[in-house]
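Below are the chains, spelled out letter by letter.
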Amino acid sequence: MTVITRFAPSPTGDLHIGGARTALYAWAYAKNKKGKFILRIEDTDRERSTPEAIEIIKDGMSWLGLQHDGPIYYQTARSARYKEVIQQLLVADKAYYCYCSKQELDLLRESQMQQGLKPKYDGRWRPENGKELPTPPNDIEPVIRFKNPLNGNVTWVDKVKGSISINNEELDDFIIARSDGTPTYNFCVVIDDWDMQITDVIRGDDHINNTPRQINLLKALDAPIPNYAHLSMILGSDGQKLSKRHGSVSVLDYKRRGYLPEAINNYLARLGWSHGDDEIFSMEQFCQWFDLQHVTSSSAQFNDEKLDWLNNHYLRGMSDEVLATYVIKQLVLNVDEAKIKEKLQRAISLYKERANTLVDLSNQIIFFFEEQKLSDELVQKYLDDERLQLIGKFYALFDKLDWEDEKINAAIKNFVAENAVKFPQIAMPLRVILTGTDHTPSIASIMWILGRDETKLRIQKYINK
Ligand code: GLU
């Protein structure tokens, strides 16, 4: 039997990083089993679903490279099918109209709570042999409820959480169609999972309460019951549920902030699943190794430093040429790209080890292309007369130098020895003047990449020649 998994987001906002992990696991599981992975947009909630959110899901999935098989399914396109099954259930006496008004249901809930009972629909419109039903009122459009079994248990062996058993007495006859005829979430999911022949439902554990209802409905339809795997939620570094309070949690925000999809995927893969001590692996390896036994049933905690570390790893592993294509988009320079290509790649090569994200890398190398304004603090700290005089003396040698980093480096060392000064006395003011900061890699490399003319131009402003 072909394994078929699905990712079934509701398009009501951003693609949350937790949703992306669910998608990643469902995708990897299908790949591991040489099966199929379906993308289904659960857009039946017309008020909360937006076309923008659908685009966000598509962009996020394609950025992460989580390619789905077949078309994208939209629940709104399947209304006719839902109506058909609702009719079948009504005819088979497995569903019924319920005419309770909102006030009636409120009253029922209140009285149950007063008696210390769990609020639950009491089945007053549920047809039973020998039971007399009330006369349907004219002014109420009925909802349709599913006839949930009255006793026995619903049991499934969750692939992540283990065996779960719920007593049917705890469940009520849930609504499958609202009074305006639109089907509800629990109903659509079941029909979709059935029609799309989903073998393994991998989703967040916020849906665990829906599972017994969905299983009962599948049974009533004589549909096969898929395997279920409920993933624990992701917590922020403070142990609370990961949310906007923790900063950006949307996949596309990570993209904007300069993270690489390889790093996000690798990070999410390890966030709640393990393969021995392996921390860094490709998506091919992940798909080969992924199984549900090694998904933890406890909540995983998000760790920004670890993500940065992984992103830095992937950044370093990328060629300067490829990185340049990303960085150029970040820099937004008003220049001919071809003209700065070489300079850009050299700058990237010098700085990529020090950068955690593409944005970070771009910010660190921007000075090569746009001279930075020096802060008063740096001027005061490093550009006193004595040091500027030294710089002026060193500057006088520039025209005779071979402009290559090794040669420049040797020239600085020579100069330092001849003038009996310490290396930082010359290197620090150069750093500040040329880059606008006092933290940089080799100053000789920076001068080489900047070029002789630009180096001279920037220094000229500070020395009396
Ligand atoms: N549409 C649901 C959600 O976004 C997921 C449903 C499911 O995976 O069964 O939370």
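A brief look at the structure comes next.

What counts, and where the lines are drawn
- Residues numbered from 1 in each chain as written.
- Predicted model: local features only at pLDDT ≥ 70, side-chain atom pairs only at ≥ 80, totals over all residues.
- Heavy atoms only, no water.
- Helix = DSSP H or I, 4+ residues; strand = E, 2+ residues; numbered from the N terminus.
- Rg over C-alpha atoms; globule rule 2.2 N^0.38 Å.
- Contact = heavy atoms within 4.5 Å.
- Pairing = 2+ DSSP bridges.
- Axes fitted to C-alpha atoms, helices over the stretch in contact; angles between N-to-C directions.
- Salt bridge = Lys/Arg side-chain N within 4 Å of Asp/Glu carboxyl O.
- Buried < 20%, exposed > 50% of the residue type's maximum accessible area, 1.4 Å probe, protein only.
- Near = heavy atom within 4 Å.
- Polar contact = N/O pair within 3.5 Å; in protein donor to acceptor, adjacent residues only side chain to side chain.
- Areas by Shrake-Rupley, 256 points an atom, 1.4 Å probe, with all protein chains shown as cover.
- 1 Å grid on protein atoms, 1.4 Å probe; cavity = no way out; pocket = protein on both sides within 12 Å on 5 of 7 lines; lining within 4 Å.
- Sits in = over half its atoms within 2 Å of the grid points.
- Nonpolar A, V, L, I, M, F, W, Y, C, P; charged D, E, K, R; others polar.
- Expected span 1.5 Å × (residues − 1).
- Arc of directions from axis to C-beta.
- Points joined across faces, edges and corners; volume = space filled by probe spheres on them.
- Core = buried A, V, L, I, M, F, W, Y, C linked by side-chain atoms within 4.5 Å.
- Disulfide = S-S within 2.5 Å.

### A look at the overall build of the protein
Part 1: A tally of regular secondary structure across the protein gives 19 helices and twelve strands.
Part 2: Taking 23 Å as the expected radius of gyration for a compact globule of 465 residues, we find that the protein reaches 32 Å, considerably beyond that expectation.
Part 3: In the protein, of all internal contacts separated by at least 6 residues, the share reaching a separation of at least 24 is 74%.

### Observations regarding the sheet that holds strand E8 (residues 175-177)
Part 1: Strand order in the open sheet formed by three strands is E4-E5-E8, with antiparallel pairing between adjacent strands. Both outer strands of the open sheet, strand E4 (95-98) and E8, are each paired with one neighbouring strand and no more. The mean angle between the axes of side-by-side strands here comes to 45 degrees, regardless of whether they run parallel or antiparallel.
Part 2: Of the pairings in the sheet, the one linking strand E5 (residues 143-146) to E8 comprises two bridges and is antiparallel in character. Among the inter-strand pairings, Ile-144 is bridged to a residue of E8, identified as Ala-177.
Part 3: Its contacts with the sheet place helix H3 (residues 79-91) against E4, E5 and E8, and it is angled at close to 95 degrees to E4.

### Re the pattern of salt bridges
Part 1: Following the criterion strictly, the structure yields 30 salt bridges and no others.
Part 2: Ionic pairing is found between Arg-40 and Asp-193, a salt bridge with its closest N-O pair at 2.9 Å. Remark: Asp-193 occurs in helix H5 (residues 185-195) and Arg-40 occurs in strand E2 (residues 36-41); sequence separation between them is 153 residues.
Part 3: Classification of Arg-40 by relative accessible area gives buried; the value is 0%.
Part 4: Under the relative-accessibility criterion, Asp-193 is labelled buried at 4%.
Part 5: Among the salt bridges present, the one from Asp-106 reaches Lys-102, with a minimum N-O distance of 3.0 Å. Here Asp-106 and its partner Lys-102 are both found in helix H4 (residues 102-114), four residues apart, which amounts to about one turn of the helix.
Part 6: A relative accessible area of 27% means that Asp-106 is categorised as partly exposed.
Part 7: The class of Lys-102 is exposed, set by a relative accessible area of 59%.
Part 8: Here the residues in one salt-bridge network are Arg-6, Arg-40, Glu-42, Arg-78, Arg-81, Glu-84, Asp-192, Asp-193 and Asp-195, joined through shared partners.

### A few points about the site of the ligand
Part 1: Around the ligand, the neighbouring residues are Arg-6, Ala-8, Pro-9, Ser-10, Glu-42, Tyr-185, Val-189, Arg-203 and His-207.
Part 2: Measuring from an oxygen atom of the ligand, one finds a side-chain N or O atom of Tyr-185 at 3.3 Å.
Part 3: In the model, an oxygen atom of the ligand is placed 2.9 Å from a nitrogen or oxygen of the His-207 side chain.
Part 4: If the ligand stood free it would expose 300 Å²; the protein chains cover 81% of that surface.
Part 5: In a pocket analysis with a 2 Å cut-off to the grid points, the ligand is assigned to the largest pocket.
Part 6: A per-class count over the shell around the ligand returns four nonpolar, two polar and three charged.

### A short note on H3
Part 1: Its 13 residues place the ends of H3 18 Å apart at the C-alpha level, agreeing with the 18 Å of an ideal helix rising 1.5 Å per residue.
Part 2: Within the span of H3, buried status applies to Tyr-82, Val-85, Ile-86, Leu-89 and Leu-90. Taken around the axis of H3, the buried residues stretch over an arc of 145 degrees, which confines them to a single face. Seen from the buried face of H3, the exposed residues on the opposite side, beyond 90 degrees, are Ala-80, Lys-83 and Val-91.
Part 3: As for H3, its buried residues are in contact with E4, E5, E8, H5 and helix H6 (211-220).
Part 4: Trailing H3 by a residue or two, Asp-93 shows a phi angle of about 60 degrees, which is positive.

### Things to note about unusual backbone geometry
Part 1: A positive phi angle is found at Lys-34, which is not glycine, with a value near 55 degrees.
Part 2: Here Lys-34 is to be found in the loop between helix H1 (17-32) and E2.
Part 3: The class for Lys-34 is exposed, based on a relative accessible area of 73%.

### Here's the deal with empty space enclosed by the protein
Part 1: Counted under the stated rule, the structure contains one cavity of 30 Å³ or more.
Part 2: The computed volume of the largest cavity comes to approximately 30 Å³.
Part 3: Taken together, Arg-21, Leu-231, Ser-232, Gly-272, Val-295, Thr-296, Ser-298, Ser-299 and Ala-300 make up the lining of the largest cavity.

### Here we look at the layout of surface pockets
Part 1: Of the voids in this model, the largest pocket is the one considered here, and its volume is about 990 Å³.
Part 2: Around the largest pocket sit 37 residues that line it, and His-16, Gly-18, Gly-19, Asp-206 and His-207 are the ones nearest its centre.
Part 3: Secondary-structure elements contributing two or more residues to the lining of the largest pocket are strand E1 (4-7), H1 and strand E9 (200-204).
Part 4: Among the elements that take part in the lining of the largest pocket, H1 stands out by supplying four residues, more than any other.
Part 5: Of the residues assigned to the lining of the largest pocket, the class counts are 13 nonpolar, 14 polar and ten charged.

### As for the nonpolar core
Part 1: Ranked by size, the top nonpolar core spans 108 residues in total, and within it Phe-286, Phe-368 and Met-447 carry the most contacts.
Part 2: Counting residues per element, this core draws most heavily on H1, at ten residues.
Part 3: Excluding residues within four positions of it along the chain, Phe-286 makes contact with Leu-24, Tyr-25, Ala-28, Ala-269, Trp-273 and Phe-281.
Part 4: Grouped together as the second largest cluster of nonpolar side chains are 31 residues, Val-154, Trp-156, Phe-174 and Met-196 included.

### A closer look at H1
Part 1: Counted at 1.5 Å a residue, the expected span for H1 with its 16 residues is 22 Å, and the 22 Å between its end C-alpha atoms agrees.
Part 2: Taken across its 16 residues, H1 has 14 buried, putting it largely inside the fold.
Part 3: Lys-34 lies just past H1 and shows a positive phi near 55 degrees.

### Digging into the state of the cysteines
Part 1: Summed over all chains, the structure comprises zero disulfides.
Part 2: This cysteine, Cys-98, is not joined by any disulfide, and Cys-100 carries the nearest cysteine sulfur, 3.9 Å off.
Part 3: Since its relative accessible area comes to 1%, Cys-98 is described here as buried.

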